[in-house]
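Breakdown of the fold
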Amino acid sequence: MPGCDADPAVLAWARRYTRHPQQFESQLQAVLPRLVYVQQVAERYDVAGEFVLLPWVESHFQPVPARRRRPAGMWQIMPVTAGAMGLRVDGHYDGRLDVPAAANAVMKLLEQYHDQFSDWRVADYAYNAGEFAIRRIVRTHGKPAEQPAIPHWPVRKVTREHLTKLLGIACVVREPERFNVSLPTLADEQHLVQTEIPRSMPVARAADHAGMSVEALKYLNPAFRSNMIDANVTSYLLLPAEHARRFRDALLEHASSSDDDLLSSVDSDAAADPVPGKKATRKTHTVKRGDNLWQIARDYSVNVSQLQRWNHLSSRTLKPGQTLTVSAPN
């Protein structure tokens, strides 16, 4: 997209962002893990690199919480737009604050805008003003010329300024020395990775497994609106690489100890059986409407993975009337 000298307003915003160089560098360093993650997603969709910085314009990469019908997340997505993008928003989970889900949805949307309008500037206008508003302008005025960099279209001032801000922050990243700033780097262990969660668990337990504070884990995974991570909603957490390794190791250790406890329990039951050859009574549960594996596992003090193994379940989908084994089979 157009560079620093494409328009005086672009250069003005670049200087405004870097008015206090050290403060700018600190702000950029703080959000760098999210920025780098978004960059990786953008590359998969072949979206113009400037859009990696779109959350800087929208929220400075902050996970803005939802308030009624207001936009939320670092992309500032409206609830109705989230539905059209395929992001789930309800009382327990807000996909607009799920960094991987929202980043993929936004990049897919930007890719569609570019396929439709063949101009990244217009794609940005559509992101801010809405696709249908931009379609009307295209029908009336045609597509914009390559110059000026900020198209003279009958759009709102905020929409024109949105593009100017995006090109302004991209200008700083393109020519940092021009503004007396140094761009930070990200250590490998700080890169954010999606980490599979095999079962639902309290946020506090997940944080303990990852070796992080609850606040740090929630900051990276703000989509969950309660203190419980529901594996039925999403199958991953977003964690720094070093903490992702600790989380996986803790899960493996926990699974191993759980299996050992289960085997000990079965052996003890067999030893206490007063009648040789008599088998322990198998416990079962009949699935009711609204049941899920996590709730059933909690009610019977077992693990979801055990329920899946005992009942040969390849997914977590249950049907009312289905009979499940909820204790160790003989």
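One structure accompanies this document, and this report is about it. (Residues numbered from 1 in each chain as written. Predicted model: local features only at pLDDT ≥ 70, side-chain atom pairs only at ≥ 80, totals over all residues. Heavy atoms only, no water.)

**Some remarks on the side chain of Thr234**
Mapped onto the elements, Thr234 comes out in the loop between strand 3 (228–229) and strand 4 (236–240). Apart from residues lying up to four places away in sequence, Thr234 is in contact with Asp98, Ile197 and Phe224. (Helix = DSSP H or I, 4+ residues; strand = E, 2+ residues; numbered from the N terminus. Contact = heavy atoms within 4.5 Å.)

**Side note on the pattern of salt bridges**
Pairing is possible between side chains of opposite charge, provided their charged atoms come close. Enumeration over the complete set of coordinates arrives at 9 salt bridges. Between Asp5 and Arg178 there is a salt bridge whose closest N-O contact spans 2.7 Å. Residue Asp5 is found in the segment before helix 1 (8–17), and its partner Arg178 is found in the loop between helix 8 (157–174) and strand 1 (192–196); the two are separated by 173 residues along the sequence. The exposure class assigned to Asp5 is exposed, which follows from its relative accessible area of 58%. In this structure, the salt-bridge partner of Asp119 is Arg121, at a minimum N-O distance of 2.7 Å. Residue classification places Arg121 among the buried residues on the basis of a relative accessible area of 6%. A cluster of three or more residues bridged by salt bridges with shared partners is formed by Asp5, Glu175 and Arg178. (Salt bridge = Lys/Arg side-chain N within 4 Å of Asp/Glu carboxyl O. Buried < 20%, exposed > 50% of the residue type's maximum accessible area, 1.4 Å probe, protein only.)

**A short note on the pairing of strand 4**
By the criterion of burial, strand 4 is predominantly enclosed, with 5 of the 5 residues buried. By the alternation rule, side chains of strand 4 split into Tyr236, Leu238 and Pro240 and Leu237 and Leu239, which are all buried. Alignment of strand 1 against strand 4, held across 5 bridges, turns out to be antiparallel. Bridge assignment links Glu196 to a residue of strand 4, and that residue is Tyr236. (Pairing = 2+ DSSP bridges.)

**Some thoughts on helix 2 (residues 21–45)**
An α-helical segment advances 3.6 residues per turn. Residues three or four places apart therefore align on the same side. Residue Leu32 marks the point of greatest curvature in helix 2, where the axis turns by about 60°; the proline Pro33 follows within four residues. Directly beyond the C-terminal end of helix 2, a positive phi value near 55° is found at Asp46. (Bend = angle between axes of the 7 residues up to and from the residue.)

**Focus on the nonpolar core**
Of all hydrophobic cores here, the largest spans 84 residues; its most connected members are Trp75, Leu110 and Ile134. Of the residues forming this core, the biggest block, 10 residues, is contributed by helix 5 (residues 99–117). Residues in contact with Ile134, not counting those within four places in the same chain, are Phe117, Val122, Tyr125, Ala126, Ala129, Trp153 and Val155. Residues Leu293, Trp294, Ala297 and Val304 belong to the second largest nonpolar core, which totals 13 residues. (Core = buried A, V, L, I, M, F, W, Y, C linked by side-chain atoms within 4.5 Å.)

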